[in-house]
Structure formats: C-alpha cells, structure tokens
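Architecture at a glance
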Amino acid sequence: MTALTDGRGRHPVTVAGQTMAYDDLLGAAAAVAAGLHDHRRVAVLATPSAETVVAVVGALLAGAEVVPVPPDSGRAELDHVLADSRADCWLGAAPSGSRLASQPVDLAARAPYEPLDVDPDRTALVLYTSGTTGLPKGVLLPRRALAAGIDALADAWAWTADDVLAHGLPLFHVHGLVLGVLGPLRVGGGLVHTGRGTPETYAAAARAGATMFFAVPTIWSRVAEHPEHAEALRAARLLVSGSAALPVPVFERLERLTGQRVVERYGMSETLITVATRADGRPRAGWVGVPVAGVETRLVAEDGTEVPHDGESVGRLEVRGATLFAGYLDRPEATAEAWTDDGWFRTGDVAVVAPDGAHRIVGRESVDLIKSGGYRIGAGEVESTLLGHPAVAECAVVGEPDDDLGQRVVAYVVLRGAAADGLAAELTAYVGQELSAHKRPREVRFVDSLPRNEMGKVQKARLLPG
Ligand code: MCA
Ligand code: AMP
C-alpha cells in the first residue's frame, strides 16, 4: 500500500494520473471557494480530471450548487442544461463557444480551509437525468442526502480511511461523482480514478494496492473477458457493481477468475443508493441486497395493495428515506407525480423482495427508459432529436438486449424520401452532435412504417426481439 499513501499516512487522491495529497486538494478547493463570491450555482464541465474534483469540492465548501455537465454534451443538450439550470458561470474549463463566463480553477493555488455553516437542506448538486419523454430534468440533491447516502454505504461496506477506491466512471453522475469521489473524501480514504474504465486500468490499480472497485456491469463484463487482468483483482477487499443489472454469468465468471463474489447495489439519480449487498453479507448473483441505513422500501401492486416479500411476487418498487432528492428543478408537476400521496418515491422499477429483505430488480415499468453501458437514456429525447433531422419523417427508439451494454439504443426510422448512402451514420452523428456520445443509436433501421395501435400509438413491444 505504500505506493498509494502520502507522507502523513493518508492515501492521496489520484485522478487520471494526477496525484494530490489531501491537504493540497483541500487547499486548492478552499482557494476555489474563496474566489466564488456571489456565484450560487456553477456549471462544471465534468471531465475525469483533478480540476473537476477540485472544482466540485471547492463549490461545495463555499455552499454553492454544482451542475456537473457531461464533457461530450452536444449543442442542444448543453443549451438546455445551461438555460434550465441558470448556472451563474463555469467553474474551470468552459466548452468552446460557450457565452457563459468562466471562473478559473488553479490546482496550484492554496487557501486556508475555513468551514462554513451551510444549511444541510441546501442543494449540493443539480444532476441532469433523462425521463421517458421530454428534455432531461435537474435532480436537486441536498447536502444532507449526499452525507446520508455515503454514510449508509460506508456502513454497508465497512468502508474506511484504510481503503483505496479505484474506478473509471464518468464524473457527472451519482455513481462516479457522489459514490466515486465524494465517497472516499467523506470516509477519508484514497481514490484512484483510472481515466478510462477498462480491464487493463482496473488491473493496474489493483496491482498498485487499491482495495475497492466500482464499475457498471459493462466494465465488469469486459473484465470477465480478460482472465489475465481479472486475476489481479483477487487481492481486492470489495468489488461493487451498479447502475444496471449485473448478468448472472458475469458474476459467476468473475467469481471463478478472482475468487470474489461481486457486491451489487441499486439506486437512482433521484434516490442515491437505496439498496446494497453488505460486505458482511453473502452476495447472491442477481440480487442487489437490503435497504441501506435510513432507507425503507415497499412493493406495490397495480391496485395499490402491498405485495408480499416472498421472493417471488413482483411489484412496483417505492422508496423513502434520508437519501432522497428534494424534487426536479422548476418542475413542480413532475416532482408531485414522482411521489405517492403517502410520501413514497415511485422508482419506476419492478422488483421482488425475499423474506430476508433481499431485493431483486426485475426490470423497468417503461420501455422508454433505456440503460446502455449504465447510462440512462430517454427514448423520447433521442426521438425528438432525430425528428429534427430533415430526412426523418417518423421514428421510434428502443433498447435492445445487448451482451456488452445491457441494452443498445436502436432507432427505427421512416424517411421522408429514399434512403441515401451514409444516412444511418449521418443520423447517428447528428444525435451525438446535439445530445451526447452515449445517446447515439448503435444502429439505425429504416422501415416503411412503424407498428401502431388503433389510437395511433407506436407499439414498441413489437419492435423488440421475442
Ligand atoms: C459509442 N461509440 C459509438 C457509438 N457509441 N460509435 C458509433 N455509434 C455509436 N452509437 C464509440 C465510442 O465513442 C468509442 O469510441 C467506442 O465506440 C467504444 O464505445 P463504448 O462501447 O461505449 O465503450 P466505452 O466508450 O468504453 O464506454 C463503455 C463504458 C461507458 C465505459 C461502460 O458506457 C461508461 O462509462 N458507462 C458508465 C455510465 C455511468 O456511470 N452511469 C451511472 C449512472 P472511442 O474508443 O473512439 O472513444 S447511474 C447512477 O449514477 C445510479 C445512481 C447508480 O445506480 O449508479
Ligand atoms: P440513473 O438515474 O441513471 O442512476 O438510473 C437509475 C436506474 O438504473 C434505476 O431506476 C434502475 O433501473 C437502474 N439500476 C441501477 N442499479 C441497478 C442494479 N443494481 N440492478 C438493476 N438496475 C439498476
């Protein structure tokens, strides 16, 4: 472990090759905080970098709200996030062409850390996330929810300052940013952000002494395809999977290759992590564990009655507790719809609960929320974008099962005229240019018409295999 420990015995923070001792990170973040003045809500172009970590920590020290922006955001997505969030400025680098002013982040600057008494109900993060239709909404995550969520996971996983967490996840979602950066900083442990999340980078972090690993199932599935890299994870304390379902064969293959049973946990941008397999429990393939401290769950049938926890009966999963968001920014109706009258948040997921409290996620209620590589993608947003291309008359976007990505985005398109050479690639690039890379369809299929019911609604089930 010495390779990862700084002079005073605390593990440092390394992001994409840049290492900072805790004191230096805190000094640089305090300098950012001191320069924020009246800026209350700042946008951070969340590249996987030390600048992003220092910007986010600095803003939080100042009591400001952070809007993490995917660094590959296309034109429409960027315009929407900036207009909707009304961010005061960029903190750190701004994307080229942005008219919003930028406040620099200097990794070499140092200021004394002066703790502020910030209201725990104050928003810490405004995270943009896709719904089934419309444009992404800003999820308001209060400071107290982040603290409760991280503390609950520290409890579930016996996560301490002795741990060094490694991952290669993006820094604009709960998984990579809240769990993966604020998590180690709150428990006082080390962090190695590997840049890209690949079998090679995870093996290298393991060889350097990392003890905990976070990844989405796509990364775990790629690790399982590389026994020479997987072998290095044998010495780790905890391998954790989340953001989408970990396929049972991947769990089993990783156990054979590493001797480790991967710990699964379940959550959402709106709820943080609500259910987790405990480090002192026995991980079971296909099961995501029990509610974390401060969280309760229930299963509800279509008629509103509670579904028994018998390990077989399926119900809609509802949650409540300390880790929940405060609502969607400026969307009172969507916020109200998300909660039941008696105060439970509707996750939109369908689950089974065993008599011992273990949860299994069966799937989502709506086919219009796609999970690809762990990214949540709204079919409606991709469809509206495609309809903005002059060649497209109608379209339907679905998530097809995919061994690597869980689901892959497939677009069915009815054209206004004849199909031209290269049009599929052009439409894919168009989505990337307007939205972001992971929202691009992996495949575009040109059809003469879309299957519709008598009401004219597209029947997406008929576009999916099986
Ligand atoms: C990708 N490529 C494409 C397309 N999509 N090319 C053409 N058409 C497309 N539609 C390109 C990529 O740009 C890349 O090119 C190459 O194909 C490989 O892409 P991909 O297979 O996507 O691999 P990847 O780029 O390595 O990404 C896989 C990944 C990534 C690392 C698993 O999907 C990822 O980081 N997922 C994490 C998502 C996440 O953190 N979700 C958390 C939200 P090139 O090589 O040239 O670049 S969920 C959450 O926060 C909750 C609370 C929770 O439960 O955790
Ligand atoms: P996001 O808001 O991007 O975090 O996506 C949340 C969604 O990811 C949940 O509603 C689930 O559908 C899915 N999800 C997260 N973790 C898991 C898991 N361990 N197993 C199955 N689905 C998951």
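The structure contained in this document is the topic of the report that follows. (Residues numbered from 1 in each chain as written. Chains lettered and ligands numbered in written order. Predicted model: local features only at pLDDT ≥ 70, side-chain atom pairs only at ≥ 80, totals over all residues. Heavy atoms only, no water.)

Direction vectors running N to C along helix α2 (residues 50–61) and helix α5 (residues 174–187) enclose 70°, while the axes themselves pass 12 Å from each other. On the basis of the axis angle, α2 is roughly perpendicular to α5. Mapping the contact onto sequence places Val53, Val56, Val57 and Leu60 in α2 and Leu177, Val181, Leu182 and Leu185 in α5. Tallied by class, the residues present in the contact of α2 with α5 amount to 8 nonpolar, no polar and no charged. (Axes fitted to C-alpha atoms, helices over the stretch in contact; angles between N-to-C directions. Helix = DSSP H or I, 4+ residues; strand = E, 2+ residues; numbered from the N terminus. Parallel < 35°, antiparallel > 145°, perpendicular 65-115°, else oblique. Contact = heavy atoms within 4.5 Å. Nonpolar A, V, L, I, M, F, W, Y, C, P; charged D, E, K, R; others polar.)

This part covers the pattern of salt bridges. Across all of its chains, the model carries 29 salt bridges by this definition. The salt bridge partner of Arg237 is Asp163, with a shortest N-O separation of 2.9 Å. Here Asp163 lies in the loop between α4 (143–157) and β9 (164–167) and Arg237 lies in the loop between α8 (227–230) and β12 (238–241), a separation of 74 residues in the sequence. A relative accessible area of 3% places Asp163 in the buried class. Put simply, Asp342 and Arg298 hold a salt bridge, and the shortest N to O gap is 3.0 Å. Of this pair, Asp342 sits in the loop between α10 (332–338) and β18 (345–353) while Arg298 sits in strand β16 (residues 295–300), placing them 44 residues apart in sequence. By relative accessible area, Asp342 is classed as partly exposed at 46%. What you see here is one network of salt bridges that share partners, running through Glu400, Asp402, Arg408, Glu443 and Arg445. (Salt bridge = Lys/Arg side-chain N within 4 Å of Asp/Glu carboxyl O. Buried < 20%, exposed > 50% of the residue type's maximum accessible area, 1.4 Å probe, protein only.)

What follows covers the site of ligand 2. Around ligand 2 lies a shell of 15 residues, among which Arg265, Ser269, Asp349, Arg364 and Arg376 are the nearest. The separation between a nitrogen atom of ligand 2 and a polar side-chain atom of Glu264 is 3.4 Å. Here Arg265 contributes a backbone N or O atom positioned 2.8 Å from a nitrogen atom of ligand 2. Protein burial of ligand 2: of its 500 Å² of free accessible surface, 92% is covered by the chains. Elements represented by at least two residues in the shell around ligand 2 include exactly β13 (263–268) and β19 (359–364). Residue contributions to the shell around ligand 2 peak at 5 residues, all from β13. When grouped by side-chain class, the residues that make up the shell around ligand 2 number 6 nonpolar, 3 polar and 6 charged. (Near = heavy atom within 4 Å. Polar contact = N/O pair within 3.5 Å; in protein donor to acceptor, adjacent residues only side chain to side chain. Areas by Shrake-Rupley, 256 points an atom, 1.4 Å probe, with all protein chains shown as cover.)

Around ligand 1, the surrounding shell holds 24 residues, and the nearest of these are His175, Ser243, Arg265, Gly373 and Pro441. Take Ser243: an N or O atom from its side chain is 2.6 Å from an oxygen atom of ligand 1. One of the side-chain nitrogen or oxygen atoms of Arg265 is found 2.7 Å away from an oxygen atom of ligand 1. Contact with the protein chains removes 71% of the 1,100 Å² of surface that ligand 1 exposes when unbound. At the level of elements, α5, α7 (217–224) and β13 are the ones that each hand at least two residues to the shell around ligand 1. Considered class by class, the residues forming the shell around ligand 1 number 9 nonpolar, 9 polar and 6 charged.

This next bit is on helix α11 (residues 379–387). Note that an α-helix has 3.6 residues per turn; residues three or four places apart therefore point the same way. Most of α11 sits inside the fold, with 7 of its 9 residues counted as buried. Every buried residue belonging to α11 is among Ala379, Gly380, Glu381, Val382, Glu383, Thr385 and Leu386, and all of these are buried. Those residues of α11 that are buried lie in contact with α3 (75–85), β20 (369–372), β21 (375–378), β22 (392–402), β23 (406–415) and α12 (423–434).

As judged from the 6 bridges shared by β16 and strand β17 (residues 315–321), these two strands associate in the antiparallel manner. Looking across to β17, one finds that Val300 is bridged to Arg316. For β17 and β18, the ladder comprises 4 bridges, and the chain directions are antiparallel. Within the sheet, the bridge partner assigned to Val319 lies in β18 and is Phe345. (Pairing = 2+ DSSP bridges.)

With that settled, the discussion passes to unusual backbone geometry. Phi at His37 takes a positive value of approximately 45°, unusual for a residue other than glycine. Position of His37 among the secondary structure elements: in the loop between α1 (22–34) and β3 (41–45). The class of His37 is exposed, set by a relative accessible area of 63%. You will see that Leu272, though not glycine, has its phi angle at about 55°, which is positive. For Leu272, a relative accessible area of 2% translates into the label buried.

Fair warning: the whole summary comes from geometry, so function is off the table for now.
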